[in-house]
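Chain by chain, the residues run as shown.
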Amino acid sequence: MTITTGLATREGTVQDNADAARVYRMSTGTIGAAVIDGIGHGPHTSATAPLLAEVAARVTAHRGALAGILNAGLLIADEGHDGEEANAVAVVALVEEAYTRIAWVGDCRAYGWDDTRLRRYSTDQTMGQWVRQYGPPVEIAEHFDDWVRVTLHSATVATTRELDIPDPLVILTSDGVHDQVPEHDMIELIRKHARTPQALADALVAAAQPDKDGYRDDATAIVIRNIRN
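Residues numbered from 1 in each chain as written. Predicted model: local features only at pLDDT ≥ 70, side-chain atom pairs only at ≥ 80, totals over all residues. Heavy atoms only, no water.

## Points about the sheet that holds strand S8 (residues 161–165)
Next up, step 1: With antiparallel pairing, five strands are arranged side by side in an open sheet as S2-S3-S4-S5-S8. The outermost strands of the open sheet, each flanked by one partner alone, are strand S2 (19–25) and S8. The average undirected angle you get between the axes of adjacent strands in this sheet is 15°.
Next up, step 2: Across five bridges, the pairing between strand S5 (residues 100–105) and S8 is antiparallel. Counted as the bridge partner of Arg101 is Asp164 from S8. (Pairing = 2+ DSSP bridges. Helix = DSSP H or I, 4+ residues; strand = E, 2+ residues; numbered from the N terminus. Axes fitted to C-alpha atoms, helices over the stretch in contact; angles between N-to-C directions.)

Structure follows, in structure tokens:
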């Protein structure tokens, strides 16, 4: 088994970076990886996000993807003495020789690349996605895409999603990447950099462009390449 990883993050145009990411490698070679996207830019968010990422990555490696999400959530389960404790959404990945398992809350995403196609394995836990399930016009649902229904603060066993990814290349992103890099651009970057995870992570983050109002979100990506012998 050969697992290589890449990690990149870039501050957006509003205050400091509320994203964070960590990759933790155990002595056995097992990988735990986590992307955290802080909600807003409150006084604790940028300071707490790296702690959430560290805990999520390490616990994921030791105890599994679901445990990684839930233990990170425990750190911010209380709103704090001032009522302004950080909150965030997250995606984690446990990568071992035989498989990759992901877990997530909110709208961080996990993609897989099988050398020919890009597939999104996660489903955004947003009100916009919920509305789409009931068939209203797409333009109505889009108004609710920023309304996150599940966060680390509210994560439970029942509300945390899990599944396995069979593809050898896994990409974890915050919405500053997947909302601001068109999928066809992502595919082109993956084709170019699939064998070099760090170069791909750097390219995905750098490709995030401002919207028509000049706003660019914090952008973070982790790329994991698992070549099974």
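Moving on from the coordinates now.
## Overview of the sheet that holds strand S9 (residues 169–173)
Where strands meet in a sheet, backbone hydrogen bonds hold them as pairs that are either parallel or antiparallel.
Next up, step 1: In space, the five strands of this open sheet follow the order S1-S10-S9-S6-S7, with antiparallel pairing throughout. Edge positions in the sheet fall to strand S1 (2–10) and strand S7 (118–120), since each has one partner strand and no second. Across the sheet, the axes of successive neighbouring strands diverge by a mean angle of 20°, strand direction being ignored.
Next up, step 2: Note: S9 against strand S10 (residues 219–227), five bridges, orientation antiparallel. Within the sheet, the bridge partner assigned to Ile171 lies in S10 and is Val223.
Next up, step 3: Helix-sheet contacts for helix H7 (residues 197–207) involve S1, S9 and S10, and the interaxial angle to S1 is about 25°. (Contact = heavy atoms within 4.5 Å.)

## What to know about helix H1 (residues 45–63)
Next up, step 1: Counted at 1.5 Å a residue, the expected span for H1 with its 19 residues is 27 Å, and the 26 Å between its end C-alpha atoms agrees.
Next up, step 2: Considered for burial, the residues of H1 that qualify are Thr45, Thr48, Ala49, Leu52, Ala53, Ala56, Ala57, Val59, Thr60 and Ala61.
Next up, step 3: On its buried face, H1 sits against S2, strand S3 (31–38), helix H2 (65–74) and strand S4 (88–95).
Next up, step 4: Phi turns positive, to about 110°, at Gly64, one or two residues after H1. (Expected span 1.5 Å × (residues − 1). Buried < 20%, exposed > 50% of the residue type's maximum accessible area, 1.4 Å probe, protein only.)

## Notes on unusual backbone geometry
Phi is mostly negative for residues that are not glycine, and the peptide bonds are mostly trans.
Next up, step 1: Residues other than glycine seldom take positive phi values, yet Asp115 does so here, at roughly 85°.
Next up, step 2: Relative to the assigned elements, Asp115 resides in the loop between strand S6 (109–113) and S7.
Next up, step 3: Residue classification places Asp115 among the exposed residues on the basis of a relative accessible area of 54%.

## Some remarks on the packing of H1 against H2
Next up, step 1: Two elements in contact, H1 and H2, have axes separated by 7 Å at closest approach and are oriented at 150°. As the angle between them shows, H1 and H2 are arranged roughly antiparallel. Here H1 and H2 pass one another in a crossing that is right-handed. Contacts from Leu52, Val55, Ala56, Val59, Thr60 and Arg63 in H1 reach Ala65, Ala67, Gly68, Asn71 and Ala72 in H2. (Parallel < 35°, antiparallel > 145°, perpendicular 65-115°, else oblique. Left-handed = near helix turned anticlockwise from the far one by under 90°.)

## Structural notes on the environment of Thr173
Next up, step 1: Residue placement: Thr173 occurs in strand S9.
Next up, step 2: With a relative accessible area of 0%, Thr173 lands in the buried category.
Next up, step 3: With 48 residues separating them along the chain, Thr173 and Ala221 place their C-alpha atoms 4.5 Å apart.
Next up, step 4: Setting aside chain neighbours within four positions, we find Thr173 in contact with Val35, Val91, Cys108, Arg109, Tyr111, His178, Thr220 and Ala221.
Next up, step 5: Looking at Thr173, its side chain comes within polar contact range of the side chain of His178, at 2.8 Å. (Polar contact = N/O pair within 3.5 Å; in protein donor to acceptor, adjacent residues only side chain to side chain.)

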